[in-house]
Amino acid sequence: MAAEHLASARVLLDALHESLGLPRPAGVEIAGADPVLATRFRVGEAAAAALAATAVAAAEIWQLRTGRRQRVRVDVTGAAASLLGFLYQRVESGPGVGAFDPRNRITGFYPTRDGQWFLLHQSFPETERRALALLGCDGEREAVAARIAAWDAQSLEDAIAERGLCGARVRSAAEWATHPQGRALASTPVVEVIRVGDSPPEPFPAAARPLSGVRVLDLTRVLAGPTCGRTLAAHGADVLRIGSPHLPSVPPFVMDTSHGKRSAFLDLRSPSDADRLRALVRGADVFAQGYRTGALARLGFGPEALLELRPGLVYTSINCYGHEGPWKERPGWEQLAQTVTGLAHEHGGAAGPQLLPAAATDYNTGYLAALGTLIALARRAHEGGSYWVRASLSRTAMWLDGMSRTESVGPGLSAEQVRPHLTHSSTVFGELSHLGPIVQLSETPARWALPTVPLGTHPPEWAKED
């Protein structure tokens, strides 16, 4: 479908289903339209379409269980707000998450010697230390800028990649389209659902919610991957988040994406902890992981090993640059996906590259990964099989770029626009005001049965069945 025809969330939803070989969904209402946020990219409508698609897939699983259909409704304003969900949470009373400074001293765009721009991204202390060692300067932004100004953009990108760090030169969409990684991604759908093994069908028994009894292991961090697990939890899945006690985290992101989950620690460098995870995999339906390609495989938890251990497993992989092509093993984040695919170049315009005013590739990739997971679970119920679901921040960015632009930028979200989408939870952080699930289903309302918790709160075991 040509980009100029992708002019509404409903059309985006239909095109998304078409790209996945699915029929046009019925019984869906999407209210509102872009522009909502201060960009001409249709990020609100894209989020509404992705969220609606996940709700349709959950409703179809409900129909498999019960024979009953239900209606789906999504509001574009709420969907746009969901792309900034971590900003709309407030601890109204209680201890909160402790001190947190969201500013990063050195992450940002810098001009280079050859007249180009470079994004240096350093989220955590260790990668920042190594990047500063490469540049040969301290962590003052002026010193970083001076050092980067002495590099050519491509040479710095190569040096950063060689050391396993995060940074990239700014590209236009046209440049990305001719890049080997861009070409590799262009040949794939926005989310891949690949049958990779045979196993008997696993039909859904009668239950109270679409994903009741579906067990999900969530080995993800930051925003995109955890959003996938949170989305599945909103439809009733038993989601157990497994993290490592030695890896850093971003507390507001953890709070935002842990609704509906239990959370445990395992150190996969420990043989006993690795064995505990394998035992959990044997009882799982979904294994979702958000580490760069090869990272978990080196620890024995790649798709081939786990699909042999548990035939019928849905293995969901999320990364920055995609799962094929020369960059598939590079680490990356939301900002880098926007940088290499042309979003930042176009959004900033003549003033220089700028990031979109939302985590539009992070959250949307989480929704799309959840969609692929739901599709795989439904196919497993019908025809059996093991499945590999693959999504990436950069492929999502290309999806956004393929849409038509709005004629003007939006005003941004007011408190009055966000308020109808807020809910309240009693958590260990305190009484929390936060965004609830944005999708509405007529018979099985999306909801989180458990409040958000800090990482490592629970033992690494499945919940006891009632």
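Engineer: I'd like a rundown of the pattern of salt bridges, residues and numbers included.
Structural biologist: Between side chains of opposite charge, a pair can form as their charged atoms come close. Applying the stated criterion across every chain yields a total of 25 salt bridges. Its salt-bridge partner being Arg10, residue Asp14 comes within 2.7 Å of it at the nearest N-O pair. With Asp14 and Arg10 both in helix α1 (residues 9-19), this residue pair falls four residues apart, about one helical turn. Owing to a relative accessible area of 17%, Asp14 belongs among the buried residues under this scheme. For the salt bridge of Arg169 with Glu175, the shortest nitrogen-to-oxygen distance reads 3.6 Å. Connected through shared salt-bridge partners, Glu202, Asp285, Arg310 and Arg380 make up one network.

Engineer: Run through the environment of Phe118, naming residues and quoting values.
Structural biologist: Topologically, Phe118 is positioned in strand β5 (residues 117-120). The exposure class of Phe118 is buried, given its relative accessible area of 0%. With 30 residues separating them along the chain, Phe118 and Ile148 place their C-alpha atoms 8.1 Å apart.

Engineer: Quick one: what's the story with the sheet that holds strand β2 (residues 72-75), residue by residue and with numbers?
Structural biologist: The strand order across the open sheet formed by three strands is β1-β2-β16, and the pairing between neighbours is mixed. Here the strands that pair on one side only, and so sit at the sheet edges, are β1 (28-31) and β16 (440-441). Here β2 pairs with β16 via two bridges, running antiparallel. By the bridge assignment for β16, Arg73 is matched with Gln440. Most of the contacts of helix α2 (residues 43-66) go to β2, to which it runs at about 160°, and overall it touches β1, β2 and β16.

Engineer: Can you lay out the pairing of strand β11 (residues 286-289) for me, pointing to particular residues and giving the numbers?
Structural biologist: Residues Val286 and Ala288 of β11 are buried on one face, and the alternating residues Phe287 and Gln289, pointing to the opposite face, are buried as well. Note that strand β8 (residues 215-219) and β11 share four bridges and pair parallel. The residue of β11 that forms the bridge with Leu219 is Gln289. Bridging between β11 and strand β12 (residues 314-319) involves four bridges; their strand directions are parallel. Residue pairing across strands places Val286 opposite Val314, the latter belonging to β12. The β-α-β motif built from β11, the intervening helix α12 (residues 303-309) and the parallel element β12 has right-handed crossover chirality.

Basis of the calculations
- Residues numbered from 1 in each chain as written.
- Predicted model: local features only at pLDDT ≥ 70, side-chain atom pairs only at ≥ 80, totals over all residues.
- Heavy atoms only, no water.
- Salt bridge = Lys/Arg side-chain N within 4 Å of Asp/Glu carboxyl O.
- Helix = DSSP H or I, 4+ residues; strand = E, 2+ residues; numbered from the N terminus.
- Buried < 20%, exposed > 50% of the residue type's maximum accessible area, 1.4 Å probe, protein only.
- Pairing = 2+ DSSP bridges.
- Contact = heavy atoms within 4.5 Å.
- Axes fitted to C-alpha atoms, helices over the stretch in contact; angles between N-to-C directions.
- Right-handed = clockwise from strand over helix to strand, strands pointing away.

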